[in-house]
Amino acid sequence: MTTALYPIAILISGNGSNLQAIIDAISAKKTSAQIVVVISDQANAYGLERAKKAGIPTKVISQQDFPNHNQFDTELQNCLDQYQPKLIVLAGFMRILGPEFVQHFHGKVINIHPSLLPKFPGLKTHQRAIDEGETEHGVTIHFVTEDLDNGPIIAQAKLAIAPEDTAETLQQKIHQLEHQLYPEIINLFAEDKIK
Ligand code: GRF
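Residues numbered from 1 in each chain as written. Predicted model: local features only at pLDDT ≥ 70, side-chain atom pairs only at ≥ 80, totals over all residues. Heavy atoms only, no water.

**Student:** Tell me about the site of the ligand, and name the residues and values.
**Tutor:** The local shell around the ligand consists of Asn15, Gly16, Ser17, Asn18, Gly92, Ile112, His113, Pro114, His175 and Glu178. Here Ser17 contributes a side-chain N or O atom positioned 2.5 Å from an oxygen atom of the ligand. Between the ligand and the protein, one listed contact pairs an oxygen atom with a backbone N or O atom of Asn18 at 2.9 Å. Compared with its free state, where it exposes 370 Å², the ligand has 83% of that area covered by protein. Comparing atom positions with the cavity grids shows the ligand to sit within the largest pocket. Broken down by class, the residue content of the shell around the ligand amounts to two nonpolar, seven polar and one charged. (Near = heavy atom within 4 Å. Polar contact = N/O pair within 3.5 Å; in protein donor to acceptor, adjacent residues only side chain to side chain. Areas by Shrake-Rupley, 256 points an atom, 1.4 Å probe, with all protein chains shown as cover. 1 Å grid on protein atoms, 1.4 Å probe; cavity = no way out; pocket = protein on both sides within 12 Å on 5 of 7 lines; lining within 4 Å. Sits in = over half its atoms within 2 Å of the grid points. Nonpolar A, V, L, I, M, F, W, Y, C, P; charged D, E, K, R; others polar.)

**Student:** Which residues make up the packing of aromatic side chains, and what values go with them?
**Tutor:** The full count for this structure, using the stated rule, is three aromatic pairs. Between the aromatic rings of Phe101 and Phe105, the centroid separation amounts to 4.9 Å while the plane-to-plane angle is 55 degrees, which identifies the pairing as tilted. Its relative accessible area of 5% is what places Phe105 among the buried residues. When the ring of Phe143 is compared with that of Phe189, the centres are 5.9 Å apart and the planes differ by 80 degrees; the resulting orientation is edge-to-face. Of this pair, Phe143 sits in strand E6 (residues 136-143) while Phe189 sits in helix H6 (residues 167-190), and the two are 46 residues apart along the sequence. There is no split in this pair, since Phe143 and Phe189 are both buried. (Phe/Tyr/Trp six-rings, centres within 6.5 Å; stacked < 30°, edge-to-face > 60°. Buried < 20%, exposed > 50% of the residue type's maximum accessible area, 1.4 Å probe, protein only. Helix = DSSP H or I, 4+ residues; strand = E, 2+ residues; numbered from the N terminus.)

**Student:** Requested: an account of the pattern of salt bridges, with residues and values cited.
**Tutor:** Evaluated as defined, the whole model comprises six salt bridges. Its salt-bridge partner being Glu134, residue Lys119 comes within 2.9 Å of it at the nearest N-O pair. Separated by 15 residues along the polypeptide, Lys119 in the loop between strand E5 (109-113) and helix H5 (125-131) and Glu134 in the loop between H5 and E6 bring together distant segments of the chain. Here Lys119 falls in the partly exposed class, since its relative accessible area comes to 43%. Salt-bridge contacts for Glu191 lead to Lys193; the nearest nitrogen and oxygen are separated by 3.0 Å. Residue classification places Glu191 among the buried residues on the basis of a relative accessible area of 16%. Accessibility expressed as a relative area gives 58% for Lys193, which makes it exposed. (Salt bridge = Lys/Arg side-chain N within 4 Å of Asp/Glu carboxyl O.)

**Student:** I'd love a proper account of the side chain of Asn111, names of residues and values included.
**Tutor:** Here Asn111 shows up in strand E5. Excluding residues that lie within four positions of it along the chain, Asn111 makes contacts with Leu90, Thr140, Ile141, His142, Val144, Asp149 and Tyr182. (Contact = heavy atoms within 4.5 Å.)

**Student:** Run through the sheet that holds E5, naming residues and quoting values.
**Tutor:** Hydrogen bonds along the backbone pair up the strands of a sheet, which may run parallel or antiparallel. Across the sheet, which stays open at both edges, the seven strands sit in the order E3-E2-E1-E4-E5-E6-E7 with mixed pairing between neighbours. Since the sheet does not close on itself, it has two edges, and those belong to strand E3 (58-60) and strand E7 (153-160), each with one partner. Neighbour-to-neighbour, the strand axes of the sheet open up by a mean angle of 20 degrees, direction not taken into account. Here E5 runs beside E6; their pairing, made up of four bridges, is antiparallel. Bridge pairing in E6 places His113 opposite Thr140. Along the sheet, helix H2 (residues 46-53) makes contact with strand E1 (6-12), strand E2 (33-40) and E3, crossing E3 at roughly 155 degrees. Strands E1, E2, E3 and strand E4 (87-90) of the sheet are contacted by helix H3 (residues 69-83), whose axis makes an angle of about 155 degrees with E2. (Pairing = 2+ DSSP bridges. Axes fitted to C-alpha atoms, helices over the stretch in contact; angles between N-to-C directions.)

So, in structure tokens, the structure goes:
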């Protein structure tokens, strides 16, 4: 592990269990990443409580406070620029980021998606995997580009779908994979092993 701290920002919209996994990895000194800010577009996101409990600065930037998506993106960009993160980690952030934002932070924004992309971009991935008769399902970490859920893939992890699996049981299993993989990949960025 490198000794210099590696500043990251985390963007959430909800529960923040992936945020918690990253907080826990940092507490356990498994990575030199340091969360400099957690930003949510939802004021009631439980992840904000997780961040506050860990002593991490939080911000709420709500789409509804801006007349259009561009101005929301600009506010988000200005806020992030103040914190100078080397990596922007989307962890259940339910907003699509516009082209200017993506270009401004080119190569610095990553997302975790609950499917084996390019299969099942978008929502309801677990039910769709079951409905399509897939035998495997998984999680993808990828760079964020202007194409939704279609940026270069950094890492994937997969599991077998059991005959008795439902969307709920699959979601739980996928979350466990996510909680292991996301901190590991963030640590590879912190150690300068991913460009
Ligand atoms: C995760 O399943 C992630 O793959 C998707 O949104 C979910 C966020 O869960 N992008 P949580 O808020 O981290 O618990």
